[in-house]
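# Structural description and commentary
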Amino acid sequence: MAAGGGGSGDPLSPAGVPCAFSPQSQAYFALASTDGHLRVWETGNNRLHQEYVPAHLSGTCTCLAWAPARLQAKESPQRKKRKSEAIGTSDQVDLLALGTAVGSILLYSTVKGELHSKLISGGHDNKVNCIQWHQDNGYLYSCSDDKHIVEWNAQTCRVKCKWKGDNSSVSSLCISPDGKMLLSAGRTIKLWVLETKEVYRHFTGHATPVSSLMFTTIRPPNESQPFDGITGLYFLSGAVHDRLLNIWQVRSEKKEKNAVMSFTVTDEPVYIDLTLSENKEEPVRLAVVCRDGQVHLFEHVLNGFCKKPLTSNCTIQIATSGKGKKSTPKPIPILAAGFCSDKISLLLVYGSWFQPTIERVALNSKEPHVCLVRDVSNCWAPKVETAITKVRTPVMNSEVKVLVPGIPGHRAAVKPVTPQAEELESKRKLGEKEVSIEERLGAMDIDSKKGKDDLPQMNSFPVLLTQGLESNDFEMLNKVLQTRNVNLIKKTVLRMPLHAVIPLLQELTKRLQGHPNSALLMVQWLKCVLTVHASYLSTLPDLVSQLRTLYQLLDSRVRTFQKLSHLHGKLILLITQVTASEKTKGMTCPGQNAKLVYEEESSEEESDDEIADKESDDNW
């Protein structure tokens, strides 16, 4: 059992591209790359088996699923099989269902190497998110962004039943081991009874759309009680932008809706494969490929509730050898991983989606971290197999002559040389001054357009930023970080991978300590990073130690801000007073003559009457 994500421009869509191993023997690996091609690779010899290019009206492939490998129905020797029965048994093993962005489903036959049929009428009106085959009756179940779940009859290519699965888009499906129940998920998870199309159980789900659903057990842990086919079974779910994989248990009580345990990974899961547990003693083995290119292996016995998230038993990475003094080892992303039938080895798909490398690795290491050194420089070059090429070389007779310009035998009309051309040629030979190339380029005004062409495109900013942080390229980082467009900064931060958030914060911390002009730009980047990726940063346990320098820098700036504000205010007062005094000194008072002058006479001696009045008052 495996689940792979689908690529899309939507930020809430699963990461990666649709891909899956063929059932049972994993002899083939099918993937729908971003260029719209379906490629089927042989896992044994790493050779391209088939390639299919759908028509442009069919839409981009968003999900795919192999038909289950079922045994052929036992028929009596006297009775001949009909065409419909033959399609439903032998050919169905090699059918590959492709969901498209326009809502149609294509059935591709790997035996014939061509399109088998199309499921269009009465189906979906929007992008198909997931496809699941029924393991017994050959029916097909699909879910879409149009909020509906459709049950198809693959033999008649018609809709058998269609019902509303959720109030929002339905993103993932999974059929129970007994084939009587169906799990569907958008943001919440529902368990449906396929016969009546009624909801049997509700589960809490995730905060983001669920990208993968699969059952992990086929028998309940308590085998003493009667088993109805679903009660007691465990199933797994993973969501977009969620680093936790939750394990749920179908219980008889309707009150219990939360997960019983969870597995933690380093990044968003893009491909999941597991081995089913057939009894309570057998552990579940889980291989999770994350967006950062690592594989996490888990092995755990599901036996009830577990409070703490479980970490991986082993992590596998692939990197180049880095031979030489100047070359450094570079990580090689792992695209998919699947358990082999022996359950002790793993098929790893790594490299490029256009030319992947498939390798079988034995799981005999007890180390918690394994790094495989591989050289994929030659493997990434595109290969053309003669068995699948469609280029036909025409058969030509030996007496046929091919007329090509420049080859003897080509008799094209030759223009005679005019006298004006001869005169120009003679002037050139005499050494007359010609216009230089620099003057011609200046006349064409190419230099004025050069500055615009040097700027990177808007879509390439996240890629350039990630490459600059990984290679520590100063010039590449300057091209991205010197932008002043706030909307461009927000889009770049939103599209950048999560593993580049901490290196970007560390780079911004270095630049904040530099020139004040560059610090103004870095503050805009720092604000966007902390706003957009706040939820991711809050989940990091060692965030304080990694961003200690940034904390100290911000703390010192905030402490001195109040003192600088007081100093700034005082300086403004002094400057205004100095400028005012300079203006008053420079002003000249105009000369004015008084029109009237009044002088008051001072009487120092008092009159005799006033003295007599004073004495009479004293005597009284």
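Above this text you will find the structure in question.
Here's what I pulled together on the structure shown here. (Residues numbered from 1 in each chain as written. Predicted model: local features only at pLDDT ≥ 70, side-chain atom pairs only at ≥ 80, totals over all residues. Heavy atoms only, no water.)

### Some details on the overall build of the protein chain
On a plain count of helices and strands, the protein chain comes out with 13 helices and 30 strands. Here the protein chain, with 620 residues, has 39% of them falling under the buried criterion. For the protein chain, contacts bridging at least 24 residues in sequence account for 51% of all contacts bridging at least 6. Of the accessible surface of the protein chain, which amounts to about 38,600 Å², a share of 53% is contributed by carbon and sulfur atoms. (Helix = DSSP H or I, 4+ residues; strand = E, 2+ residues; numbered from the N terminus. Buried < 20%, exposed > 50% of the residue type's maximum accessible area, 1.4 Å probe, protein only. Contact = heavy atoms within 4.5 Å. Areas by Shrake-Rupley, 256 points an atom, 1.4 Å probe, with all protein chains shown as cover.)

### A word on the environment of E470
Mapped onto the elements, E470 comes out in helix α5 (residues 461-471). In this structure E470 comes out as exposed when scored by relative accessible area, which is 59%. In this structure, the C-alpha to C-alpha distance between E470 and L504, residues 34 residues apart in sequence, is 10.0 Å.

### Some details on the pattern of salt bridges
Two side chains carrying opposite charge are able to pair once their charged atoms lie near each other. For the structure on display, the rule yields nine salt bridges. When the shortest N-O distance is used, the salt bridge between R39 and E51 registers 3.5 Å. With R39 in strand β4 (residues 38-42) and E51 in strand β5 (residues 47-52), the pair connects residues that are twelve residues apart, well separated along the chain. Note that R291 is salt-bridged to E268, the shortest N-O span being 3.5 Å. One end of the pair, R291, is in the loop between β23 (284-290) and β24 (295-300); the other, E268, is in the loop between β21 (261-264) and β22 (269-275), and 23 residues separate them in sequence. On the basis of relative accessible area, E268 is assigned to the buried category, the value being 2%. (Salt bridge = Lys/Arg side-chain N within 4 Å of Asp/Glu carboxyl O.)

### Focus on the side chain of D146
Take D146: it is sitting in the loop between β11 (139-144) and β12 (148-153). K162 provides the closest opposite charge to the buried, unpaired D146, separated from it by 4.6 Å. From its side chain, D146 meets the backbone nitrogen of D125 in a polar contact 3.1 Å long. Sequence-distant contacts of D146, defined by excluding residues within four places in its chain, comprise G123, H124, D125 and N126. (Lys, Arg positive; Asp, Glu negative; His and termini not counted. Polar contact = N/O pair within 3.5 Å; in protein donor to acceptor, adjacent residues only side chain to side chain.)

### Some words on the packing of aromatic side chains
Counting across every chain of the model gives nine aromatic pairs. With a centroid separation of 5.9 Å and an interplanar angle of 65°, the aromatic rings of F203 and W248 are classed as edge-to-face. Here the residue F203 occupies a position in strand β17 (residues 198-203), and W248 occupies one in strand β20 (residues 244-249), the gap between them amounting to 45 residues. In this structure F203 comes out as buried when scored by relative accessible area, which is 5%. What links up through ring pairs into an aromatic cluster is the set F203, F215, F235 and W248. Against the face of Y200 rests R201, its NZ or CZ located 4.3 Å from the ring centre. (Phe/Tyr/Trp six-rings, centres within 6.5 Å; stacked < 30°, edge-to-face > 60°. Lys NZ or Arg CZ within 6 Å of the ring centre and 35° of its normal.)

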